[in-house]
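# A closer look at the structure
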Amino acid sequence: MEPTDSELTLRLTRHDESAFELLFRRHYRYLYGVAVQYVKDPGLAEDALQEVYLKLWLNRTHLDPAQSVRAYLATAMRHQILNRLRDEKRAILRHIEQQTALPETDTSTEEAIMLNEYSLVVRQGLQLLPAQRRLVFTLRSESGLSNEEVAQQLDISINTVKVQYYHACRFLRDYLRQHADIPTLMTLLLIKICD
């Protein structure tokens, strides 16, 4: 007879790795489904799942066997994803603010209007990127992280970072060429974004 979640949770509080593995297997599909509902990206869902199970293991001594571990995991998953989305949104907004900061003090009204147009187009373009690609782009361009640092932070390969960043830059260049009516300024800002 299989142990109940309560029994497994009690064993987990006593540092039982086999109980952790059983809980992992038992709730994996459910949590993966919760994650995909939020992020719509299998890779990001897997990343979130790893974070949640890591937190489960790290906080195992504080678990209450009388409480539903499934509910605990689902809540932890929602918090993990919402925190990541919130952080990603802040990073994107900071990036846009940096890219649209008014240059020097002699900026004319016409240039300011063009920069505002550019800001809107960049924001639209960023929202069209897949979540992981957008995150790689913002970590590289806004946070100034190297390929290696991004790979380590997102727990993906350096090659994946390079490919995702390349495709993000290419997409944004094409998107801006099609949607922004500021070709000279756009070219200069694109070079700045993707160097």
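Residues numbered from 1 in each chain as written. Predicted model: local features only at pLDDT ≥ 70, side-chain atom pairs only at ≥ 80, totals over all residues. Heavy atoms only, no water.

Selection rule: UniProt positions are given in the numbering used here, feature names are shortened, and annotations may be inferred rather than shown by experiment.
Going by what an unreviewed UniProt entry lists, the protein chain is known as RNA polymerase subunit sigma-24 and is assigned to Spirosoma montaniterrae. Recorded in UniProt under Sequence similarities (unreviewed entry), the annotation for the protein chain is "Belongs to the sigma-70 factor family. ECF subfamily."

## Digging into the packing of aromatic side chains
Counted only if it meets this: Between the rings of Phe, Tyr and Trp (Trp by its six-membered ring), a pair exists once the centres lie within 6.5 Å; its type follows the angle of the planes, with under 30 degrees stacked, over 60 edge-to-face, and the other angles tilted. Secondary structure follows DSSP: runs of H or I at least 4 residues long count as helices, runs of E at least 2 residues long count as strands, and numbering of each begins at the N terminus. The buried label goes to any residue with under 20% of its type's maximum accessible area, the exposed label to any with over 50%, and the partly exposed label to all in between, with areas taken from a 1.4 Å probe on protein chains only. Placement of a charge over a ring requires the Lys NZ or Arg CZ to be within 6 Å of the ring centre, with the centre-to-atom vector within 35 degrees of the ring normal.
Tallied over the entire structure, the rule returns six aromatic pairs. Ring geometry for Phe 137 against Tyr 165: centres 5.8 Å apart, planes inclined by 20°, an arrangement best described as stacked. Placement of the pair is Phe 137 in helix 6 (residues 131-141) and Tyr 165 in helix 8 (residues 158-179), with a sequence separation of 28 residues. Given a relative accessible area of 6%, Tyr 165 falls into the buried group. Ring pairing ties together the aromatic residues Phe 20, Phe 24, Tyr 28, Tyr 32, Tyr 53 and Trp 57, which thus form one cluster. A cation over an aromatic ring shows up here: Arg 60 above the ring of Trp 57, its NZ or CZ 3.9 Å from the ring centre. Taking the ring centre of Tyr 30 as reference, the NZ or CZ of Arg 70 above it sits at 3.6 Å.

## Thoughts on the side chain of Thr 9
Defined as follows: It only takes one pair of heavy atoms within 4.5 Å for two residues to be counted as in contact.
Relative to the assigned elements, Thr 9 resides in helix 1 (residues 5-13). Beyond its immediate sequence surroundings of up to four residues, Thr 9 is in contact with Leu 23, Leu 63, Asp 64, Pro 65 and Val 69.

## Looking at the pattern of salt bridges
As a reminder of what qualifies: By definition here, a salt bridge exists when the distance from a side-chain nitrogen of Lys or Arg to a carboxyl oxygen of Asp or Glu is within 4 Å.
Enumeration over the complete set of coordinates arrives at four salt bridges. Residues Glu 2 and Arg 26 are paired through a salt bridge, measuring 3.0 Å at the closest nitrogen-oxygen approach. Separated by 24 residues along the polypeptide, Glu 2 in the segment before helix 1 and Arg 26 in helix 2 (residues 17-39) bring together distant segments of the chain. We classify Arg 26 as partly exposed; its relative accessible area is 31%. Measuring nitrogen to oxygen at the nearest pair gives 2.9 Å for the salt bridge that ties Asp 16 to Arg 11. What makes Asp 16 partly exposed here is its relative accessible area of 22%. Connected through salt bridges with shared partners, the residues Glu 2, Asp 5 and Arg 26 form a single ionic network.

## Concerning the packing of helix 2 against helix 3 (residues 42-58)
This is how the line gets drawn: The axes used here are C-alpha line fits, helices contributing only the stretch in contact, and every angle between their N-to-C directions lies in the interval 0 to 180 degrees. Here the word oblique covers every angle except those under 35 degrees (roughly parallel), over 145 (roughly antiparallel) and from 65 to 115 (roughly perpendicular). With the far helix as reference, a near helix turned anticlockwise by less than a right angle produces a left-handed crossing, and one turned clockwise produces a right-handed crossing. Residues are grouped as follows: Ala, Val, Leu, Ile, Met, Phe, Trp, Tyr, Cys and Pro are nonpolar; Asp, Glu, Lys and Arg are charged; every other residue, Gly included, is polar.
At a minimum axis distance of 9 Å, the contact between helix 2 and helix 3 shows a crossing angle of 140°. The angle between the axes of helix 2 and helix 3 places the two elements in the oblique class. Here the hand of the crossing between helix 2 and helix 3 comes out right-handed. On the side of helix 2, the interface is formed by Glu 17, Phe 20, Leu 23, Phe 24, His 27, Tyr 28, Leu 31, Tyr 32, Ala 35, Val 36 and Val 39, while helix 3 contributes Pro 42, Leu 44, Ala 45, Glu 46, Leu 49, Tyr 53, Leu 56 and Trp 57. When its residues are assigned to classes, the contact of helix 2 with helix 3 shows 16 nonpolar, one polar and two charged.

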